[in-house]
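# Survey of secondary and tertiary structure
Letter by letter, the chains look like this.
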Amino acid sequence: MERLLITGATGFVGGRLARSLAGKYELLTPGRAELDLFDAGGIARYLRARRPAFVVHAAALADTGYCEAHPQESEAVNLRAPEALAAACAGVGAKLVAFSSDQVYNGTELAGPLPESAPLAPVNVYGRHKLEAERRVLAACPGAVCLRASWMYDLPVQGLKNSTGLPGRLYGAALSGRPLALNPLEWRGVSWVCGLTERFEAILQLPGGVYNAGAENALNSLETGRAMAARLGLPENTVCAVRDPRPRNLAMDTAKLRAFGIELGNTVDGFARCLREYGL
């Protein structure tokens, strides 16, 4: 059985990956005391000692507001850690899959679904660090795969770290009676995390490079919220338009991933499937 290391295995994505891949690989899920991602030398020693065939880097500091206020911490976690992992993976011949983000597209003036080749100029610290991390990872380890993930969610699962994302915000708005304000000039995918984790064995076999890895979505954010609220049976006034809408496009074109037979679908259909899986 091949050995696979997951960083951030106690986190939202990493925990679900560990559960999905259990029994298919010999999993290594070290905590911070065992694998210090701030210690490049320690990372290299850990990988040399254990020789994983695959490394999935799911650990991140993903709160964009926090990263903006703490840029040095963001740099350490979101840039220097994946760079060190890439160098260590190259040293032992391990295949690295590292999570990036659709925030690299935040700031684009292009319309429509964005391919990986779109020119990029991220407007926040998190997006800039993720984009630079992609470049450094691939420079150190050309066979690595960088996944630009979209905003993800899952319904609560016992024993795992949870993030209910947009569906959770919709429920909260309905319970509070205060509508959730969404932008009719914003376009982005919203992805059920299990749509990605269940396809991860195929993702591990991808050639090195950057891949958009989130649900596609032709709806704007206000329309997306309304569609999800309707699926949940919530009142129509659960969502409203923001007062000062400004254009923002993070919608991704996943044709590159589809060319390898990996289909992540679209936001609304993915949400309907999520509800069916949980019997809702």
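Just above sits the structure.
Residues numbered from 1 in each chain as written. Predicted model: local features only at pLDDT ≥ 70, side-chain atom pairs only at ≥ 80, totals over all residues. Heavy atoms only, no water.

### Some points on the overall build of the protein
Per the secondary structure count, the protein includes 11 helices and 12 strands. Summarising its shape, the C-alpha atoms of the protein cover approximately 55 × 40 × 35 Å along the three principal directions. The buried share of the protein, taken over its 280 residues, is 51%. Considering only contacts in the protein between residues 6 or more positions apart, those separated by 24 or more positions represent 78%. For the protein, the accessible area works out to roughly 12800 Å², and carbon and sulfur atoms hold 51% of it. Within the protein, the 27 negative side-chain charges are centred at a point lying 3 Å from the centre of the 30 positive side-chain charges. (Helix = DSSP H or I, 4+ residues; strand = E, 2+ residues; numbered from the N terminus. Buried < 20%, exposed > 50% of the residue type's maximum accessible area, 1.4 Å probe, protein only. Contact = heavy atoms within 4.5 Å. Areas by Shrake-Rupley, 256 points an atom, 1.4 Å probe, with all protein chains shown as cover. Lys, Arg positive; Asp, Glu negative; His and termini not counted. Charge placed at Lys NZ, Arg CZ, Asp CG, Glu CD.)

### Structural notes on the environment of Thr197
Within the secondary structure, Thr197 sits in helix α7 (residues 193–197). A C-alpha to C-alpha distance of 9.2 Å links Thr197 and Gly14, two positions 183 residues apart in sequence. When near neighbours in sequence (up to four residues on either side) are disregarded, Thr197 contacts Arg16, Leu17 and Ser20.

### Regarding the pairing of strand β5 (residues 145–149)
Counting buried residues along β5, 5 of its 5 residues qualify, which places the element largely inside the surrounding structure. Across the two faces of β5 the burial is the same, with Val145, Leu147 and Ala149 and Cys146 and Arg148 all buried. Where strand β4 (residues 95–101) and β5 come together, 5 bridges link them in parallel fashion. If you follow Ala98 over to β5, its bridge partner there is Cys146. Each parallel crossover has a hand, and for β4 linked through helix α5 (residues 125–140) to β5 it is right-handed. One ladder, built from 5 bridges, connects β5 with strand β10 (residues 209–213); its direction is parallel. (Pairing = 2+ DSSP bridges. Right-handed = clockwise from strand over helix to strand, strands pointing away.)

### A look at helix α6 (residues 165–176)
The end-to-end C-alpha separation of α6 is 17 Å, in line with the 16 Å expected for 12 residues at 1.5 Å each. Buried within α6 we find Gly165, Leu166, Pro167, Leu170 and Ala173. Those residues of α6 that are buried are in contact with β6 (151–153), β7 (180–182), β9 (190–192), α9 (221–231), β11 (239–241) and α11 (267–277). Within two residues after α6, Gly177 carries a phi angle of roughly 80°, on the positive side. (Expected span 1.5 Å × (residues − 1).)

### Regarding the side chain of Thr224
Tracing the chain through its elements places Thr224 in helix α9. Setting aside residues no more than four positions away along its own chain, Thr224 makes contact with Leu166, Val190, Asn217, Leu219 and Thr267.

### Some details on unusual backbone geometry
Residue Arg51 is not a glycine yet carries a positive backbone phi of 50°. Inspection of the secondary structure assignment puts Arg51 in the loop between α2 (40–50) and β3 (54–57).

### Here we look at the pairing of β4
Of all the 7 residues making up β4, 7 are buried; the element is thus mostly covered by neighbouring parts of the structure. Burial along β4 is two-sided: the residues Lys95, Val97, Phe99 and Ser101 and Leu96, Ala98 and Ser100 are all buried. Where β3 meets β4, 4 bridges bridge the pair, whose relative direction is parallel. Each bridged residue has a counterpart across the sheet, and for Val56 the counterpart in β4 is Val97.

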